[in-house]
Amino acid sequence: MLLRDEHPIIVSPSLEIDDRLVGFFAYGMGDVLSKTRLNRARALTRWLEWLSHPEVGVDDWAEAQEWHFWAFKDYRTQSKFHPDGGAISEATFSTDTLSVLHDLYRWAERERLVDHSPIPERASRKQGSNSNTITVKSSAPRVRWATPDTYQMWRDVGLQGCVAVRDGNAVRAGERDPSWKGGRNRLRDVAYVNFMVTTALRAREQSTLLTVELPAMSGNVRLPEGVAKFGNSRIYTPSQIGLHSIERYVSGERAKAVKRAKDKKRYDAFARRHDVRVVTFEGTGRRRRWVAEDGRSGSFEPLTGDDRRGMFVRDEKGRLEPLMLWLNDDGLPMSTSGVEKIFERANDRVFDQCEVLGMAPEDIPNLSQHSLRFTFALWQLLALHRRIDERKGGKPEKYDEDRYEVAFDVVRDLLGHADVETTRKTYLKPAQTLWVGELLGEGFTGELSEVISRMTAGADLVLDTGTVFVGKEGDVG
């Protein structure tokens, strides 16, 4: 890559360099003065820092959504977020921030790093106008962590069409709603969220999985470097719950979608595209290689998301079918925006169902892919805390961060964090709060899922719909 004089390079807190951003400053910014280039790099750094903050939790700038932009703009321009000063005017925001974000995401679109830009054309929202109008379904905030009971209710109501019902002070999933019009991709959507909440894969890592990369019902799997953040490959261990969900999807909805696409000859046109590889395989495990019909060959390790969407095999009749695991109803690979719609549909349905029950908007689950990743991490961290206490003969009187150092090291590796300080920054406070709250005390002998279902006391970012009506008007005794 050809770097210009005074080329900005943004380094993460864990001293990592994102090659995509290096490429943007080299080729995506045009011929601007070095001072302007530096100012725009600083503005972009503020956006990246805000996205990665634990309260926002976006690991990869390429996964940002439009609502992230509007929240960031509010944060930068509203004085209530800066009681000691530091808010900027909307005009300044448009000049020093909006322009660089436009350039970044337009360049990323051209480079096929994102499906569409999350940055609106203008940094103003006028209610009732025909352009740049943001319609918000609810005022429910994004939830960072959820208990198992809450996750199951959200999944079954939002993705399986169950009715939300009030059970004492709790909200549960009831019977299937006969009026529900969704469900054609129910098995796929349930498999996707079950796999994510039990592996903590990032959106880009999970959405680009190939069918040949699915593991057996037990065993570790190495994430390919081509889709891992910063190219940092790591080991993850899928759960049987997640794999069983995928097995039902592959043999059911996915097989039907592929058959429909073959019958309608949707895949035939792909064979003539230059970015498509029709492949067979050599070797097994990490030594498995692909060999294309045009003579190309290689390892699966460096394949990017776009590479993977263009990989096909032939069935016993010589017809094409995609290697990508997650497919749309038309049999074609899902895009990252298609994955986001899974969560949008679920959140909309859950909100409608829970609103009828009288739940306050802040109590209604509003989950994202990041929520599931963080939920997995907190479940694991709590389990490790308890195991350490049991191994050391009981829980001490005071929380000792050094005592649980190995727990944070394990979760760091599971999440793919380069530095354990990133893990501590995100999870230390909630873990300590839950520990102090006696929810992991010696007198409690239940399973981990039972521990977590009782864990909301004092943890202000954990949502548990098992207690949402406690202490509110209309309690059931």
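Reading guide: rules and limits
Residues numbered from 1 in each chain as written. Predicted model: local features only at pLDDT ≥ 70, side-chain atom pairs only at ≥ 80, totals over all residues. Heavy atoms only, no water. Salt bridge = Lys/Arg side-chain N within 4 Å of Asp/Glu carboxyl O. Helix = DSSP H or I, 4+ residues; strand = E, 2+ residues; numbered from the N terminus. Buried < 20%, exposed > 50% of the residue type's maximum accessible area, 1.4 Å probe, protein only. Axes fitted to C-alpha atoms, helices over the stretch in contact; angles between N-to-C directions. Parallel < 35°, antiparallel > 145°, perpendicular 65-115°, else oblique. Left-handed = near helix turned anticlockwise from the far one by under 90°. Contact = heavy atoms within 4.5 Å. Nonpolar A, V, L, I, M, F, W, Y, C, P; charged D, E, K, R; others polar. Patch = residues over 30% accessible without salt bridge, like charges linked within 9 Å, V, L, I, M, F, W, Y side chains within 5 Å. Areas by Shrake-Rupley, 256 points an atom, 1.4 Å probe, with all protein chains shown as cover. Core = buried A, V, L, I, M, F, W, Y, C linked by side-chain atoms within 4.5 Å. Phe/Tyr/Trp six-rings, centres within 6.5 Å; stacked < 30°, edge-to-face > 60°.

Notes on the pattern of salt bridges
Logical step 1: Taken as a whole, this structure holds 30 salt bridges when the rule is applied.
Logical step 2: Across the pair Asp-103 and Arg-40 runs a salt bridge, and its minimum N-O distance is 2.5 Å. Remark: Arg-40 occurs in helix α2 (residues 34-52) and Asp-103 occurs in helix α4 (residues 90-110); sequence separation between them is 63 residues.
Logical step 3: Accessibility expressed as a relative area gives 23% for Asp-103, which makes it partly exposed.
Logical step 4: Across the pair Arg-319 and Asp-315 runs a salt bridge whose closest N-O atoms are separated by 3.1 Å.

Focus: the packing of helix α11 (residues 369-391) against helix α12 (residues 405-415)
Logical step 1: Between α11 and α12, the shortest axis-to-axis distance is 9 Å and the interhelical angle comes to 150°. Regarding the angle of α11 to α12, the classification is roughly antiparallel. Both α11 and α12 take part in a crossing whose hand is right-handed. Contacts between α11 and α12 involve Arg-373, Phe-376, Ala-377, Gln-380, Leu-381, Leu-384, His-385 and Ile-388 on the former and, on the latter, Val-406, Ala-407, Phe-408, Val-410, Val-411, Leu-414 and Leu-415.
Logical step 2: In the contact of α11 with α12, the residues fall into 12 nonpolar, 2 polar and 1 charged.

Here's the deal with a nonpolar patch on the surface
Logical step 1: On the surface, Ile-9, Val-11 and Ile-17 cluster together into a nonpolar patch covering about 240 Å² of accessible area.
Logical step 2: Here Ile-17 shows up in the segment before α1 (19-28).

Focus on the nonpolar core
Logical step 1: If you look at the biggest cluster of nonpolar residues, it comprises 62 residues, and the most contacted ones within it are Trp-154, Val-171, Met-311, Trp-326, Cys-354 and Leu-372.
Logical step 2: Once residues within four sequence positions are removed from consideration, Val-171 is found in contact with Met-153, Ala-164, Val-165, Cys-354, Leu-357, Met-359, Thr-465, Val-468 and Phe-469.
Logical step 3: Membership of the second largest hydrophobic core comes to 29 residues, among which are Phe-24, Val-58, Phe-93 and Ile-119.

Looking at the packing of aromatic side chains
Logical step 1: Scanning the entire structure with this criterion turns up 19 aromatic pairs.
Logical step 2: Ring geometry for Phe-195 against Tyr-236: centres 6.4 Å apart, planes inclined by 90°, an arrangement best described as edge-to-face. Residue Phe-195 is found in helix α6 (residues 186-197), and its partner Tyr-236 is found in strand β5 (residues 235-236); the two are separated by 41 residues along the sequence.
Logical step 3: The interplanar angle of 15° and the centroid separation of 5.5 Å between the aromatic rings of Tyr-249 and Trp-326 together place this pair among those described as stacked. Note that Tyr-249 is positioned in helix α8 (residues 240-263) and Trp-326 in the loop between β10 (320-322) and α10 (336-356), a separation of 77 residues in sequence.
Logical step 4: Residue classification places Trp-326 among the buried positions, given a relative accessible area of 0%.
Logical step 5: Members of the aromatic cluster, joined through ring pairs, are Trp-47, Trp-50, Trp-61, Phe-69, Trp-70, Phe-72, Phe-93 and Tyr-105.

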